Amino acid sequence: VSLLIRGARVVLANAPAAPRRGAALRDAMVLPCGDVLIEGGRIVEVGSVRGGAARVIEAGGRVLTPGLVDCHTHACWAGSRIDEWERKLTGVPYLEILKAGGGIMSTVRATRGAGHAALVELTSKRLGRMLRAGTTTVEVKSGYGLTGDAELGMLRAIAAAGAGFPGTVVPTALLGHAIEGEERAFVAGTIGGTLDAVHAEFPGIAVDAYCETGAWSVASTVALMARARSLGHVLRVHTDQFNALGMVQEAVRLGARSVDHLEASGDGEIEAIAGSETAAVLLPICGMHLDGRYARGRALADAGAVIAVATNHNPGSAPSGSMPVAMGAAVRGCGLTAREAIVAGTVNAAWVLGLGDRGVVTPGARADLALWDIDDERELGYRIGDLAPSHVMCGGEIAC
Ligand SMILES: [Zn+2]
C-alpha cells in the first residue's frame, strides 16, 4: 500500500541516518516544500514526486518530521509518587521522605508487587500517550526490580507492551539502578547473577547503571560495565546528575554508547564526551520538575558532542513522556536551538538505540513520521505542552 504526503515542510529531508554533531547538529536539513512517497513501510522518494498513491495526504506546507525517538525512559512502573512530591513541595526533607519509605524503593515495592498483566497495561497506556505526542520509538528501562527475577519480569512486561505498540519499543536492562541491602553483596549478586540471567534471555540488550553518591559507585559501575561488555552488551550509564565522580571518563574509555544526565558535568567531562563516539543524553524534564539544574547542552554542542534529548519518563523525577516538552526544556534549560533539539530527539536518539534505519526522512528509511499543525519546525522547541501531531505514522501505517 502506498501513501503520498504532498507539499510538506520536511525536516531532516534526505539526511544520512548517522549521528549529527557540530555544524550538522545545527542543520536540520529542512526542505521547504517536498513530497514524501511511502511504499511497503519504507520511504521511497523525497522531493518532487510525480504520480499519485493509494492514499494522499495534502500537507499544505505543514511541518513533517521523522517520528520522534525517546531514547531514555523508565516508562514501566507501578505505584504513585505524587504524595511524596507534595510533601517535598511543602518543605519535608528528602531524607525524611526516604525514611518514611518513599523515594525509589517505594516504586520498587509497587512494581515488584504489580504482576505481569498490570505492568503491561500501565506501560502500554504510557506508550499510547507518547505515540499521540509524536513518539514512534521508545526505549524503556527495567530497574525497579533489582533482583534477577524481578528485573526479568520487568523486561518481559516491557517486551509484551512493545508487541502491542504500533511503533518500536527498545528494552534496556538497568541493572545498577539502586543498592538494596549490603552494598558489596548486592553488587556482586548483580554482576555475577542478575547479569547472567538477563544475558541468557536478552542477549545483546543494552546494560545501564545509575552512578551517583548513594547509588552505584564508579568502581562498581565499571565492574558491571566491563563484564557486560565482555558478554557483548551495549553500555549506557546515568552519570553526573548530582556529582561528577569521574564516571564520564570511564564510560568513554569503556566505549559506552551514551552518558545520560550530566547536570553536574564540568569542562573535563564535556571535553571527554566531545572527543568520543559516546553520546550525551540530556534529560531536562528533571531540571524542570526537581531543581532547576540542567546539563550544559550549549557547551556540549559547541564542543562537537553527539547530543540526544529524552524525557526520562519516570515517577520520581520526570512525570512526562512528551518529547516536545523535553525538547522545549532542552532549549530553555540546556541552551540548544530548537532545530538542534529536533535533531537530538530524532536521528541522534535513534543512533543511541543502535537503529540506523530511522530518525530521518530519507529513501530507504522506515516510514515513521509525524505531521504537525505548524509551518515552522522551531515551534517544537518554542511551544510548551500544547503541541500534538495531526498524523503519526509507524512503518508507513497511520497509527493515530
Ligand atoms: Zn533515567
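Below or above, wherever it landed, is the structure these notes cover. (Residues numbered from 1 in each chain as written. Predicted model: local features only at pLDDT ≥ 70, side-chain atom pairs only at ≥ 80, totals over all residues. Heavy atoms only, no water.)

1. What to know about the overall build of the protein chain
Convention followed: Secondary structure follows DSSP: runs of H or I at least 4 residues long count as helices, runs of E at least 2 residues long count as strands, and numbering of each begins at the N terminus. For the radius of gyration, the atoms used are the C-alpha atoms, and the globule rule reads 2.2 Å times the number of residues raised to 0.38. Exposed residues in this analysis have more than 50% of their type's maximum accessible area, buried residues have under 20%, and partly exposed residues fall in between, with area computed by a 1.4 Å probe over protein chains only. Residues count as neighbours in contact if any of their non-hydrogen atoms are within 4.5 Å of one another. Surface accessibility follows the Shrake-Rupley procedure with a 1.4 Å probe radius. Residue values consider only the protein chains on display as shielding. A residue counts as positive if it is Lys or Arg and as negative if it is Asp or Glu; His and the chain ends are not included. Note that the charge is assigned to NZ on lysines, CZ on arginines, CG on aspartates and CD on glutamates.
Scanning the protein chain from terminus to terminus reveals 16 helices and 16 strands. A compact globule built from 400 residues would reach a C-alpha radius of gyration of about 21 Å, and the protein chain, at 20 Å, matches this within 12%. Taking the principal axes of the C-alpha coordinates as reference, the protein chain spans close to 65 × 45 × 45 Å. Considering the protein chain as a whole, with its 400 residues, one finds that 57% of them fall into the buried category. Partitioning the contacts of the protein chain with sequence separation of at least 6, the portion at a separation of at least 24 is 74%. If you sum the accessible surface of the protein chain, you get close to 14600 Å²; carbon and sulfur atoms cover 53% of it. Here the protein chain carries 36 positive and 41 negative side-chain charges, and the mean point of each set is 2 Å from the other.

2. Brief notes about the pattern of salt bridges
Once the charged atoms of two side chains with opposite charge are near each other, the side chains can pair. In plain terms, the rule: Throughout this description, the term salt bridge denotes a Lys or Arg side-chain nitrogen within 4 Å of a carboxyl oxygen of Asp or Glu.
Here the structure, examined in full by the defined rule, presents 24 salt bridges. For Lys141, the salt bridge goes to Glu139, with nearest N and O atoms at 2.7 Å. Judged by its relative accessible area of 0%, Glu139 falls in the buried class. In this structure, Asp196 engages Arg227 in a salt bridge whose closest nitrogen and oxygen atoms are separated by 2.9 Å. Of the two residues, Asp196 is situated in helix H7 (residues 183–201) and Arg227 in helix H8 (residues 218–230); the sequence distance between them amounts to 31 residues. Via salt bridges that share partners, Glu139, Lys141, Asp208, Arg236 and Asp260 belong to a single interconnected network.

3. Let's talk about the coordination of the zinc ion
Defined as follows: Coordination shells were defined by N, O and S atoms within 2.8 Å of each metal, extended to 3.2 Å for Na, K and Ca; water is absent from the atom set, which can make sites look incomplete. Angular criteria define each label, namely tetrahedral for four donors with all angles between 85 and 135 degrees, square planar for four and octahedral for six donors with opposite donors over 155 degrees apart and remaining angles between 65 and 115, and irregular for whatever fails these tests.
Looking at the zinc ion, one finds its protein donor set to be His72 (NE2), His74 (NE2), His238 (NE2) and Asn312 (OD1), positioned 2.0 to 2.3 Å from the metal centre. Relative to the metal, the four donor atoms surrounding the zinc ion lie at angles of 84 to 168 degrees, and the coordination shape comes out irregular. Between consecutive donors of the zinc ion, the numbers of intervening residues give the motif H-x1-H-x163-H-x73-N. You can see His72 sitting in the loop between strand S6 (68–70) and helix H2 (82–89) and its partner His238 sitting in strand S10 (residues 236–239), a full 166 residues away along the chain. As far as burial versus exposure is concerned, His72 and His238 are alike and both buried.

4. Side note on the environment of Arg378
What counts here: Throughout this description, a polar contact denotes any pair of N or O atoms lying within 3.5 Å of each other; where both atoms belong to protein, one of them has to be capable of donating a hydrogen while the other can accept it, and for residues adjacent in sequence the pair is counted only when both atoms sit in side chains.
For Arg378, the location among the structural elements is in the loop between strand S14 (369–372) and helix H16 (379–382). Between the alpha carbons of Arg378 and Gly328 there is a distance of 9.7 Å; along the sequence they are 50 residues apart. Here Arg378 is in contact with Ala338 and Arg339, once residues within four sequence places are set aside. A polar atom in the side chain of Arg378 sits 2.8 Å from the side chain of Asp376.

5. A word on the pairing of strand S2 (residues 31–39)
Selection rule: DSSP calls a pair of strands paired once it identifies at least 2 bridges connecting them.
Relative to S2, strand S1 (residues 2–10) is paired through six bridges, and the arrangement is antiparallel. When the sheet's bridge partners are listed, Val10 is paired in S2 with Leu31. Across five bridges, the pairing between S2 and strand S3 (residues 42–47) is antiparallel. Among the inter-strand pairings, Leu37 is bridged to a residue of S3, identified as Glu45. Counted along the chain from S2 to the antiparallel partner S3, the turn is two residues long, and its residue Gly40 has a positive phi close to 60 degrees.

6. Focus: the side chain of Glu151
Along the chain, Glu151 falls in helix H6 (residues 148–163). Notably, Glu151 is buried but unbridged: the nearest opposite-charge side chain belongs to Arg112, and the N-O separation is 7.4 Å. Leave out the neighbours within four places in its chain, and Glu151 touches Ser142, Gly143, Tyr144, Gly145, Leu146, Leu174, Leu175 and Thr194.

7. Here we look at H7
Threshold: One fewer than the residue count of a helix, multiplied by 1.5 Å, yields its expected span. Bend at a residue means the angle formed by two fitted axes: the first through the 7 residues ending at that position, the second through the 7 residues beginning there.
Its 19 residues give H7 an end-to-end C-alpha distance of 26 Å, which sits within 8% of 27 Å, the value for a rise of 1.5 Å per residue. In the structure, H7 departs most strongly from a straight axis at Thr190, where the bend amounts to approximately 40 degrees. The complete set of buried residues in H7 reads Phe186, Val187, Thr190, Ile191, Thr194, Leu195 and Val198. Buried-residue contacts for H7 involve H6, strand S8 (168–176), strand S9 (206–211) and H8.

8. Some details on the sheet that holds S8
What counts, and what does not: Here, axes are lines fitted to C-alpha atoms. For helices the fit covers the stretch in contact, and angles between N-to-C directions go from 0 to 180 degrees.
Taken in spatial order, the eight strands line up as S6-S7-S8-S9-S10-S11-S12-S13 in an open sheet, and their pairing is parallel. The two strands at the open ends of the sheet, each matched to only one other strand, are S6 and strand S13 (307–309). Strand-to-strand twist of the sheet, defined as the mean angle between neighbouring strand axes without regard to direction, takes the value 25 degrees. Bridge analysis of S8 against S9 gives four bridges, and the strand direction is parallel. The partner of Gly176 across the bridge, within S9, is Ala209. Relative to the sheet, helix H9 (residues 247–254) contacts S9, S10 and strand S11 (258–261), its axis offset from that of S10 by approximately 170 degrees. Together, S6, strand S7 (135–141), strand S12 (279–282) and S13 form the strand contacts of helix H13 (residues 323–334), whose direction differs from that of S6 by roughly 80 degrees.

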